[in-house]
Amino acid sequence: MEQYIMALDQGTTSSRCIIFNRKGEIVSSVQREFKQIFKNNGWVEHDPNEIWATQYGVLSEAKASLSIAAEQIAGIGITNQRETTIVWNKMTGEPIYNAIVWQCRRTANMVEELKERGFDKIIKKKTGLIVDAYFSATKVKWILDHVPGARKEAEKGNLLFGTVDTWLIYKLTKGRVHATDYTNASRTMLFNIHDLEWDEELLKEFGIPKSMLPKVYPSSGIFGYADATLLGANIPIAGVAGDQQAALFGQCCFKCGEAKNTYGTGCFLLMNTGEKAVESEHGLITTIASVIDGKVEYALEGSVFVAGAAIQWLRDEMGFVKKASDSERMANSVRDTNGVYVVPAFTGLGAPYWDSYARGAIFGLTRGTKREHIVRATLESLAYQTYDVLKAMEEDANITLEALRVDGGASANDFILQFQSDLLGTWVDRPFIIETTALGVSYLAGLAVGFYKDKEEIVSHLKVQKTFEPMMNGEVRKSLLKGWEEAVSRTRGWAKE
Ligand SMILES: Nc1ncnc2c1ncn2[C@@H]1O[C@H](COP(=O)(O)OP(=O)(O)O)[C@@H](O)[C@H]1O
Ligand SMILES: O=P(O)(O)OC[C@H](O)CO
């Protein structure tokens, strides 16, 4: 009987289940979008029960579509939107508040206060992170401070905290396992990435009892077993990683200096730095890339908060496109943006600016501006933001990339990738499978259950579908970048009182 790996990819906008065969090919894929809750300016929430319901829905559908027996699933891999924070009651298993999403800015003031006291330096040293509302720590504190009775319950040991991987493991094992992996732990701003432990000083600073925290495991290994009532057999959960680290693995960036950029809701550029935790001097963060067989590898990361989400905004709020993919045709229907720049700083700016108070803006509007120009400028903004983080990374790591490996939903858009290659002046390689997040965690799970022998076997699966080559004249590039730089500078600090 043929065996498969089931990858659960819980992203910011959708829950997905992809089943892979031994050759790393997709044999079934089901996806479902879920509700984004925008209660206040800059706030973003999800309903944890809807996250679970959609995730369970797609995994059941994907399995049914193949008509396979539960025993044919050799292992489950879980990969997830990172940092998003859920707190639930240990007795009832019910969340006490909505999931506070990584993009949410509600704790920006808390962050300011930490910076004023100089505590950001301690945080950076221990966690590799630039203090920001992006990470989980201030979100957990906010829940404990604002949900009536929460802090008391937490102190009694009645509440559990988890990122989305932890929530899914908990639901899949029917509350038997409260665990996470090192990559997800490294995004909480509570985890010491050098000692590989929850940090007592940080827990004290944020007032978070240790009893709330999940146990931390390597990314490839057995976390527990999905309950037989859910899938028809007790199936091992054998790999867990934050989605961007999973994509790094799925792109086979196993060597020092290898990097990938994922164009999903946000854009995340990660470079493997091997056993060395490189400290950035240009606004990037240091994070755990993977822990496998006791070996820790680190990465440098540039996180851009809004990328594909800007195209969803064009679709849902502006009504400029019916489907995200229509944006490509519209962008190509005009020669250029007619001087328009869109800076999609809807939830502030991440790397390399780290400005919680920046807000989105459209510049250069004239009486001749058409919606096609705004659509084109929105697509170009993904490439400009990537340019900014890649340049910071090249300076930190003192290297020049020959080619950028790309993936994620918006990497299906040829216009974006051609413009990306033009701006960077380097090749851009898109693989056959752009779902590298799910692919990566299927590799991690597959290694744990003996589906794959080693990384060498995995590398043999990597195939480039299309390479984009730079075609833009150097002077044009320079002038476009100058306009972008100016546009970004004018969005800075906008929402600060
Ligand atoms: N053809 C396309 N052109 C531009 N953007 C796209 C296209 N297809 C999908 N997207 C964008 O990609 C994002 C979805 O990518 P995905 O990798 O599934 O994201 P996530 O994991 O963050 O939910 C959406 O924000 C969507 O707007
Ligand atoms: O949902 P994605 O794929 O955009 O990823 C979100 C990131 O993990 C946030 O850090």
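Everything quoted here is computed from the prediction, not taken from an experiment.

J.: So what exactly am I meant to see when it comes to the pattern of salt bridges here?
T.: Proximity of charged atoms lets side chains of opposite charge pair with each other. Under the criterion given, the structure shown has 35 salt bridges. Across the salt bridge formed by arginine 16 and glutamate 435, the nearest N and O atoms sit 2.6 Å from each other. With arginine 16 in strand 2 (residues 14-20) and glutamate 435 in the loop between strand 22 (427-431) and helix 15 (436-448), the pair connects residues that are 419 residues apart, well separated along the chain. Of the residues examined, arginine 16 reaches a relative accessible area of 16% and is grouped as buried. The shortest N-O distance in the salt bridge between arginine 82 and aspartate 243 comes to 3.7 Å. In this pair, arginine 82 sits in the loop between strand 5 (73-80) and strand 6 (86-89) while aspartate 243 sits in helix 10 (residues 243-250), placing the two residues 161 residues apart along the sequence. Overall, arginine 82 belongs to the buried group, its relative accessible area being 2%. On the basis of relative accessible area, aspartate 243 is assigned to the buried category, the value being 11%. A single salt-bridge network, built from bridges that share partners, covers Arg82, Glu83, Arg187, Asp243 and Glu301.

J.: Looking at this structure, I do not really get helix 14 (residues 414-424). What am I missing?
T.: Residues separated by three or four positions in an α-helix point in the same direction, a consequence of the helix having 3.6 residues per turn. Burial within helix 14 is extensive, with ten of its eleven residues counted as buried. Those residues of helix 14 that fall on the buried side of the exposure criterion are Phe415, Ile416, Leu417, Gln418, Phe419, Gln420, Ser421, Asp422, Leu423 and Leu424. Where helix 14 starts, the residue carrying a side-chain oxygen 3.0 Å from the main-chain nitrogen of phenylalanine 415 turns out to be asparagine 413. Trailing helix 14 by a residue or two, glycine 425 shows a phi angle of about 70°, which is positive.

J.: Please clarify how the sheet that holds strand 17 (residues 285-292) should be interpreted in this entry.
T.: Backbone hydrogen bonds are what pair the strands of a sheet, in a parallel or an antiparallel way. A sheet is described by the order of its strands in space; here seven strands give the open sequence 17-18-16-15-21-22-23, paired in mixed fashion. If you trace the sheet from one side to the other, it starts and ends with strand 17 and strand 23 (464-468), each paired once. Strand after strand, the sheet turns through a mean of 30° between neighbouring axes, direction not considered. The pairing of strand 15 (residues 259-263) with strand 16 (residues 267-274) spans five bridges and is classified as antiparallel. Paired with lysine 260 across the strands is leucine 270, a residue of strand 16. Of the strands in this sheet, strand 15, strand 21 (403-407), strand 22 and strand 23 are in contact with helix 14, which crosses strand 22 at around 150°.

J.: Any chance you could explain the site of ligand 2 here in plain terms?
T.: The immediate surroundings of ligand 2 are formed by Gly11, Thr12, Gln81, Arg82, Glu83, Trp102, Tyr134, Asp243, Gln244, Thr265, Gly266 and Phe268. Between an oxygen atom of ligand 2 and a side-chain N or O atom of glutamate 83, the distance comes to 2.6 Å. The fraction of the free accessible surface of ligand 2 (310 Å²) that becomes covered by protein chains is 93%. When residues of the shell around ligand 2 are assigned to domains, at least three map to each of domain 1 (4-217) and domain 2 (252-496).

Rules and cut-offs
- Per chain, residue numbering runs from 1 following the sequence as it is written.
- In the order they appear in the text, chains get letters beginning with A and ligands get numbers beginning with 1.
- Whole-chain, interface and lining totals are the exception, using all residues; otherwise, since this is a predicted model, local features are given only for residues with pLDDT of at least 70 and side-chain atom pairs are given and counted only at 80 or more.
- Working from all heavy atoms in the structure, the side-chain values ignore hydrogens and water.
- We define a salt bridge as a side-chain nitrogen of Lys or Arg found within 4 Å of a carboxyl oxygen belonging to Asp or Glu.
- Numbering goes from the N terminus for both helices and strands, where a helix is a DSSP run of H or I of at least four residues and a strand is a run of E of at least two.
- For every residue, the accessible area obtained with a 1.4 Å probe (protein chains only) is divided by the maximum for its type, and the residue is called buried under 20%, exposed over 50%, and partly exposed between those limits.
- Residues adjacent in sequence count toward polar contacts only when both atoms are side-chain atoms; beyond that, a polar contact is any pair of N or O atoms within 3.5 Å, and within protein one must be able to donate a hydrogen and the other to accept it.
- By this definition, two strands are paired if DSSP reports at least two bridges between them.
- For helices, the fitted axis covers only the stretch in contact; all axes are lines through C-alpha atoms, and the angles between them, taken along N-to-C directions, range from 0 to 180 degrees.
- Contacts were defined at the residue level, with two residues in contact if any of their heavy atoms lie within 4.5 Å.
- Residue proximity to a molecule or strand is established when one non-hydrogen atom of the residue lies within 4 Å of it.
- A 1.4 Å probe and the Shrake-Rupley method give the accessible areas. Residues count as covered only by the protein chains that appear here.
- Segmentation of the chain into domains, including their bounds, is taken from an automatic or database domain assignment.

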